[in-house]
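# Fold and geometry: a report
Residue strings, one per chain:
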Amino acid sequence: MRILMFNWMDLKNPKAGGAEVLTEGILRELVHQGHQVTLFCNHFEGALREEIVDGYTVIRRGYYWSVQLLAPFFWFTRFKKENFDIVIDQIHSLPFLTPLYVPRHKRFAFIHEVAKDIWFTMFPFPFSYIGYATEYLLLQLYRTTRFITVSDSTKGDLISIGIPNKNITITPEAIVMPEPILMEKSAVPTIIFIGRLTQMKRVEDFLDMAALVKKVLPNLQTWIVGPGEEVYVESLKSKSQKLDLGATFFGRANDKEKYILLAQAHVLASCSVKEGYGLVIIEAGTMATPSVTYNVAGFRDAIIDGTTGLLSQKNTPESLALAVLKLLEDKALCAKLADQAKAHSQQFTFPNAAQAFEKILLS
C-alpha cells in the first residue's frame, strides 16, 4: 500500500511526545512490511523540509497551527497525483479536515484523545470555550470516517460526540523496549513524575501529594522529569520550595536517562486531566516500577488497578497520597505490583502494534 499520514508534528520536533513515538514506530514497521509511507507535518527551526527517516518520507511545511491549512493545498497540488491508497488524518484537537477533500474509501482518522475538558485547563476564557466548541463541530465532519484510537476511554469520548461505534477500532499501544538496566531501587522511598510540564498534567497536584507523603515519610525523595515552558517550570520550583519538598527537577531526559531514573524509583505518580493512553505507565512497568494516578481517561486504560498499579479513589492530592503511601509502606505489595507491571509491559511492542494497525487499514 501507499500510505499518507497527516500529523501535526514528527518525532524530531522538540515538542514531540508519546503520540509521535507510537506513530513513527508504527510507520517504521509498516515500511519493513513493504508499504510505502509519507508523513506530512509541520516544520520547525533547523529541520529539513524533506528527508527520509527509517525508510519513510517526511515532508515538513507550515507551523504549529498552520500545517492543517496547508494540507488541502498539498493534496491537490501533489499528493492526489501520487495515488495514495490510504490517507490517515491524525487528530490532535484540530483535524486536517480530510472529509472535505479525501475520498471516503481512502480515509482514516487516527486519534489518541479527544481534548474536551483539556481546553478549560490549558486556555483562559473565552478561548477555552471557543476551542471546546470548535473541536466538537469539526469532528462532526468525521461521522462517516473510520477511526483508529488507542483506548476504550477515547472510544467512549468519540461515541459521546456522535461518532458511530461501528466506525471506531482500537489498536494496541507500543513503546521502545529499553535495554536491561541493572540498578537497585533507591535506598530511600522515591516517587517520580515523567511528562511534559504543562497545566493539563496538574503537576501542582503532584507536588501537593508529595508534600502530604513527606509528612509521613520525611526521607521521601521526589523527582520530576520533563521539559516545560520556563515560567511554568519556575512556578513549580517555587511551590516545591514553599512546601519544603526539596523536589529535584531533571528537565528533559533522553530515553536512557529516563529509564535509569525509573529503575531507581519506587512509584511513578501522575495527576493529568486525561491522557490518550498513558504510555509512561507502561514505560515505568518495564523497570518494575508500579504507578499510582488519578482515575482519568487514559490512565484507567494503562493501569490494571490493584495489579500493575493503583488508581486513586478521588482525583485529589489527598486521595493520591493515600494510594502512594499504601505502596511505599507495604513493601511486599509494592514488590508484587512491580513484578506484575513488568510482566504486563512486555506485550507493548511495535511489531504487535503495527500488525494490528495494518489489519485495520486492510479491513
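Below: a short report on this structure. Note that the coordinates shown come from a computational prediction; the quantities given were computed from them, not determined experimentally.

## So, the packing of aromatic side chains
Counted according to the given criterion, the structure contains 21 aromatic pairs. When the centroid spacing of 5.8 Å and the interplanar angle of 80 degrees are considered together, the rings of Trp223 and Phe250 count as edge-to-face. In this pair, Trp223 sits in strand S10 (residues 221-225) while Phe250 sits in strand S11 (residues 248-251), placing the two residues 27 residues apart along the sequence. On the basis of relative accessible area, Trp223 is assigned to the buried category, the value being 8%. On the basis of relative accessible area, Phe250 is assigned to the partly exposed category, the value being 35%. Over the ring of Phe84 we find Arg2, and its NZ or CZ is 5.1 Å from the ring centre.

## Describing the sheet that holds strand S12 (residues 267-270)
An order of S11-S10-S9-S12-S13-S14 is seen for the six strands of this open sheet, with the pairing classed as parallel. Of all strands in the sheet, those with a lone pairing partner are S11 and strand S14 (309-311), marking the two edges. The mean angle between the axes of side-by-side strands here comes to 20 degrees, regardless of whether they run parallel or antiparallel. Note that strand S9 (residues 190-194) and S12 share two bridges and pair parallel. Of the residues in S12, the one forming a bridge with Ile191 is Val267. On top of the sheet, helix H11 (residues 317-329) reaches S9, S12, strand S13 (291-293) and S14; it is set at about 165 degrees to S13, its chief contact.

## Brief notes about helix H8 (residues 255-264)
Of the residues making up H8, those classed as buried are Lys258, Tyr259, Leu261, Leu262 and Ala263. Looking at the packing, one finds that the buried side of H8 touches S9, S10, S11, S12 and helix H9 (279-286). Between the side-chain oxygen of the N-cap and the backbone nitrogen of Lys256 there are 3.2 Å, and the N-cap of H8 in question is Asn254.

## A closer look at a nonpolar patch on the surface
On the surface, Trp65, Phe123, Phe127 and Ile130 cluster together to form a nonpolar patch covering roughly 430 Å² of accessible area. Counting through the fold element by element, Phe123 comes out in the loop between helix H3 (118-122) and helix H4 (127-139).

## Observations concerning the packing of H9 against helix H12 (residues 331-345)
Between two packed helices, what matters for the description is the angle formed by their axes and the separation of those axes. Contact pair H9 / H12: the axes reach a minimum separation of 7 Å and the direction vectors enclose 110 degrees. What the angle tells us is that H9 and H12 run roughly perpendicular. Where H9 crosses over H12, the handedness of that crossing is left-handed. Two secondary-structure elements touch here, H9 through Ile282, Gly285 and Thr286 and H12 through Ala341, Lys342, His344 and Ser345. When its residues are assigned to classes, the contact of H9 with H12 shows two nonpolar, four polar and one charged.

## Considerations on the pattern of salt bridges
Within this structure, the stated rule accounts for 15 salt bridges. Residues Arg60 and Asp10 are paired through a salt bridge, measuring 2.9 Å at the closest nitrogen-oxygen approach. Of this pair, Arg60 sits in strand S4 (residues 56-60) while Asp10 sits in the loop between strand S1 (2-6) and helix H1 (18-32), placing them 50 residues apart in sequence. Of the two residues, Arg60 and Asp10, neither departs from the other in class, the shared state being buried. In this structure, Arg28 engages Asp54 in a salt bridge whose closest nitrogen and oxygen atoms are separated by 3.8 Å. With Arg28 in helix H1 and Asp54 in the loop between strand S3 (50-53) and S4, this residue pair connects regions lying 26 residues apart in the sequence. With a relative accessible area of 44%, Asp54 lands in the partly exposed category. Linked through salt bridges whose partners overlap, the residues forming this network are Arg2, Glu50, Arg61, Arg78 and Glu82.

## Quick word on the side chain of Lys106
Following the sequence through the fold, Lys106 ends up in the loop between strand S5 (86-91) and strand S6 (107-111). Reaching out from Lys106, the side chain makes a polar contact with the backbone oxygen of Phe84 at a distance of 2.4 Å.

## Some remarks on the sheet that holds S1
Within the open sheet, the eight strands sit side by side as S3-S4-S2-S1-S5-S6-S7-S8. Their pairing is mixed. Each of the sheet's edge strands pairs with one partner strand only, and the pair in question is S3 and strand S8 (168-170). Across this sheet, the average inter-strand angle for adjacent strands is 25 degrees, counted without regard to direction. Direction of pairing for S3 relative to S4: antiparallel, over a ladder of four bridges. Note on S4: the bridge partner recorded for Glu51 is Val58.

About the thresholds
- Residues numbered from 1 in each chain as written.
- Predicted model: local features only at pLDDT ≥ 70, side-chain atom pairs only at ≥ 80, totals over all residues.
- Heavy atoms only, no water.
- Phe/Tyr/Trp six-rings, centres within 6.5 Å; stacked < 30°, edge-to-face > 60°.
- Helix = DSSP H or I, 4+ residues; strand = E, 2+ residues; numbered from the N terminus.
- Buried < 20%, exposed > 50% of the residue type's maximum accessible area, 1.4 Å probe, protein only.
- Lys NZ or Arg CZ within 6 Å of the ring centre and 35° of its normal.
- Pairing = 2+ DSSP bridges.
- Axes fitted to C-alpha atoms, helices over the stretch in contact; angles between N-to-C directions.
- Contact = heavy atoms within 4.5 Å.
- Polar contact = N/O pair within 3.5 Å; in protein donor to acceptor, adjacent residues only side chain to side chain.
- Patch = residues over 30% accessible without salt bridge, like charges linked within 9 Å, V, L, I, M, F, W, Y side chains within 5 Å.
- Areas by Shrake-Rupley, 256 points an atom, 1.4 Å probe, with all protein chains shown as cover.
- Salt bridge = Lys/Arg side-chain N within 4 Å of Asp/Glu carboxyl O.
- Parallel < 35°, antiparallel > 145°, perpendicular 65-115°, else oblique.
- Left-handed = near helix turned anticlockwise from the far one by under 90°.
- Nonpolar A, V, L, I, M, F, W, Y, C, P; charged D, E, K, R; others polar.

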